[in-house]
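Coordinate inspection notes
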Amino acid sequence: MPVSIARPRSLRGEIIAPGDKSVSHRAIMFNALSNTGTASIKNFSPGADCTSTVEIMRSLGVEITREDGHAGMGDSLTVKGVGLNGLQEPADILDAGNSGTTTRLMSGILAGRDILTILTGDDSLKSRPMGRVIKPLSDMGAVITARDGDTLAPIVFHGGTLRGTNYEMPVASAQLKSCLLLAGLRADDKTKLTQPAESRDHTERMLSAMGVKLTKTDLEIVLEPSELQTVDVEVPGDISSAAFWMVAGVCHPDAELLIKNVGINPTRAGIVTALRIMGADLTLLDEREVAGEPVADILVRTSELKGIELSGDIVPLLIDEIPVIAVAAAIADGETVIKDAEELRVKESDRIQASVTWLKGAGVDVEGTPDGMILGGGNTIGGGEFQCYDDHRLAMSLGVAGLISSDPITVLDPDVAGISYPNFWEIIEDFGGMLG
Ligand code: S3P
């Protein structure tokens, strides 16, 4: 059912960010491979993507329990490790749903095993590039076939014997990096990766905490094949979910929002840097460490924003936030240029095309470019009816736009927000932003 959002008079209150999607996936997968017992995972992401990972691991014979969370915390899970080589052949095809992270990280886990596995997902997932993981895994010795010349899911893992690798990554992708490190755990020799730029480092942090010999020098990572020790994880709040409230808070004319328990790992926190350069009134409070990840509460207030150039090394550090940063850039004073973000074209949707289409429809001065977009700035976002191309981050960016637009914004397919943030629309309703 479509939802219509209209600007509430003020936007004030506290929000607890839901558990981080990237950390949640890793906490399940890595602990499933440990050989030292049962791990406890708290504040697990409530989104459908992480549930896909849980169900796939269960199909591979891993015992996972899940209980509802209390007092604003996400669900609590336990995972009983089966060891690096203990996964069982599943009775059926494995369904990753909409989740690129599940597909690419599981590819590193499933490659070169003596069980047959087939990994697939929804229509969006089946159109996303998988050659970037299949090619280097095959070079390591895995036998893998896939649709469209081994580039698209479904992906079939036939076995093989994994060799160590020395691989220069063509894209700054945490999914690709993590995939190859996971395969490297079972290889016959070291795995060395060179990244073109830093991307989120949750895999490196968690594997190190689990006793893996992993060294990192600038953009180079070397991993030695190792067993994993179980680690309990309290998942920090997801900065990619908090991002929607950060932008709503700085853009709304009468706002003060406190977003609690947000992971601010520097390889994820590009949006904090970007909004501050834009002039946002944004303060980090109570900075602390939770399970090896830096966390803070984030206070945002109504701000006078100015345009910015986003390019180069900061782009992978805020890649998922660009659709909502575009909302802030639309109303900021002066031009915003977003470059070096061609990866946006192969996310859950083509996020450059999807963002430019709806922004234009709402009267915003914006042009798409092959690797980003140029926003003229100084716009009032108008209303209208928009679709979000089955993309959760598009849906929520439209929700934020509705909180600050001159006329109501109707989101035609809002349920897709559940991929990462199932109660997003309830929070909009609590703020008085929901019409009808
Ligand atoms: C993720 C990495 C990013 C990001 C995705 C989650 C991860 O993708 O866009 O939402 O958990 O590793 P890429 O690494 O492919 O850029």
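Note that the structure is predicted; figures quoted are calculated from it, not measured.

Here's the deal with the domain arrangement of the protein chain
What the domain assignment lists for the protein chain is domain 1 (3-18 + 236-435) and domain 2 (21-234). A straight line from the C-alpha centre of domain 1 to that of domain 2 covers 28 Å. Counting residues at the interface gives 31 residues for domain 1, matched by 26 residues for domain 2. Of the roughly 2,300 Å² buried where domain 1 meets domain 2, counting both sides, 49% is carbon and sulfur surface. The largest contributions to the domain 1 side of the interface with domain 2 come from Arg268, Glu348 and Ile419, which together make up 22% of the buried area. Run the count over domain 1 and domain 2 and you get 3 salt bridges. Put simply, glutamate 343 and arginine 132 hold a salt bridge, and the shortest N to O gap is 2.9 Å. For the pair domain 1 and domain 2, the number of links is 13 residue pairs in polar contact (both at pLDDT 80 or more).

Some remarks on the site of the ligand
Taken together, Ser22, Arg26, Thr101, Ser173, Ala174, Gln175, Arg200, Ile319, Asp320 and Lys347 make up the full set of residues near the ligand. The separation between an oxygen atom of the ligand and a polar side-chain atom of aspartate 320 is 2.6 Å. Computed on the free molecule, the ligand has an accessible area of 380 Å², of which 96% lies beneath the protein chains in the complex. Secondary-structure elements contributing two or more residues to the shell around the ligand are α1 (21-32) and α7 (174-184). Its residues placed into classes, the shell around the ligand shows 2 nonpolar, 4 polar and 4 charged.

Comments concerning the sheet that holds strand β20 (residues 366-369)
Spatially, 4 strands are ordered β18-β19-β21-β20 in an open sheet, and the strand pairing comes out mixed. Every interior strand has two partners, whereas the edge strands, β18 (309-310) and β20, have only one. Bridge analysis of strand β19 (residues 336-338) against strand β21 (residues 372-375) gives 3 bridges, and the strand direction is antiparallel. Looking at the pairing, threonine 336 lines up with leucine 375 of β21. Along the sheet, helix α11 (residues 322-331) contacts β18, β19 and β21; its crossing angle with β21, the most-contacted strand, is approximately 15 degrees.

What about the packing of aromatic side chains?
Taken as a whole and assessed by the stated rule, the structure comprises 7 aromatic pairs. Taken together, a centroid distance of 6.3 Å and an interplanar angle of 85 degrees make the contact between tryptophan 245 and tyrosine 421 edge-to-face. With tryptophan 245 in helix α9 (residues 239-251) and tyrosine 421 in the loop between β23 (409-411) and α14 (424-430), this residue pair connects regions lying 176 residues apart in the sequence.

Observations regarding the pattern of salt bridges
Where side chains of opposite charge bring their charged atoms close, a pairing between them can arise. This structure, assessed with the given rule, holds 29 salt bridges. The partner of glutamate 348 in a salt bridge is arginine 351, and the shortest N-O contact between them spans 3.0 Å. Glutamate 348 sits in the buried class, given a relative accessible area of 10%. On the accessibility criterion, arginine 351 (0% relative accessible area) is buried. Three or more residues are tied together by salt bridges with common partners; here these are Arg128, Arg200, Asp320, Glu348, Arg351, Asp391 and Arg393.

Some words on the sheet that holds strand β4 (residues 63-67)
Paired through backbone hydrogen bonds, the strands of a sheet run either parallel or antiparallel to each other. One open sheet holds the 4 strands; their spatial order is β4-β5-β3-β14, and the pairing between them is mixed. Two strands lie at the open edges of the sheet, namely β4 and β14 (233-234), each paired on one side alone. Note: strand β3 (residues 38-44) against β14, 2 bridges, orientation parallel. Each residue of the ladder has a partner; that of isoleucine 41, found in β14, is valine 233. Running over the sheet, α1 touches β3, β4, β5 (75-80) and β14 and is turned about 170 degrees from β3. With respect to the sheet, helix α2 (residues 48-59) is in contact with β3, β4 and β5, its orientation differing from that of β4 by roughly 145 degrees.

Observations concerning the side chain of lysine 21
Among the structural elements, lysine 21 can be located in helix α1. Among the residues examined, lysine 21 registers a relative accessible area of 8% and is labelled buried. Apart from residues no more than four positions distant in its own chain, lysine 21 is found in contact with Ser45, Asp49, Cys50, Thr101, Asp238, His392, Arg393, Ile419 and Ser420.

As for unusual backbone geometry
Of the consecutive residues alanine 153 and proline 154, the connecting peptide bond is found in the cis state with omega at 0 degrees. Among the structural elements, proline 154 can be located in strand β9 (residues 152-160).

Considerations on α11
For α11, the buried fraction is high: 9 of the 10 residues fall into the buried class. For α11, every residue scored as buried is listed here: Ile322, Pro323, Val324, Ile325, Ala326, Val327, Ala328, Ala329 and Ala330.

Reading the values: rules and limits
- Residues numbered from 1 in each chain as written.
- Predicted model: local features only at pLDDT ≥ 70, side-chain atom pairs only at ≥ 80, totals over all residues.
- Heavy atoms only, no water.
- Domains from an automatic or database assignment.
- Contact = heavy atoms within 4.5 Å.
- Buried area = accessible area lost by both parts, 1.4 Å probe.
- Salt bridge = Lys/Arg side-chain N within 4 Å of Asp/Glu carboxyl O.
- Polar contact = N/O pair within 3.5 Å; in protein donor to acceptor, adjacent residues only side chain to side chain.
- Near = heavy atom within 4 Å.
- Areas by Shrake-Rupley, 256 points an atom, 1.4 Å probe, with all protein chains shown as cover.
- Helix = DSSP H or I, 4+ residues; strand = E, 2+ residues; numbered from the N terminus.
- Nonpolar A, V, L, I, M, F, W, Y, C, P; charged D, E, K, R; others polar.
- Pairing = 2+ DSSP bridges.
- Axes fitted to C-alpha atoms, helices over the stretch in contact; angles between N-to-C directions.
- Phe/Tyr/Trp six-rings, centres within 6.5 Å; stacked < 30°, edge-to-face > 60°.
- Buried < 20%, exposed > 50% of the residue type's maximum accessible area, 1.4 Å probe, protein only.

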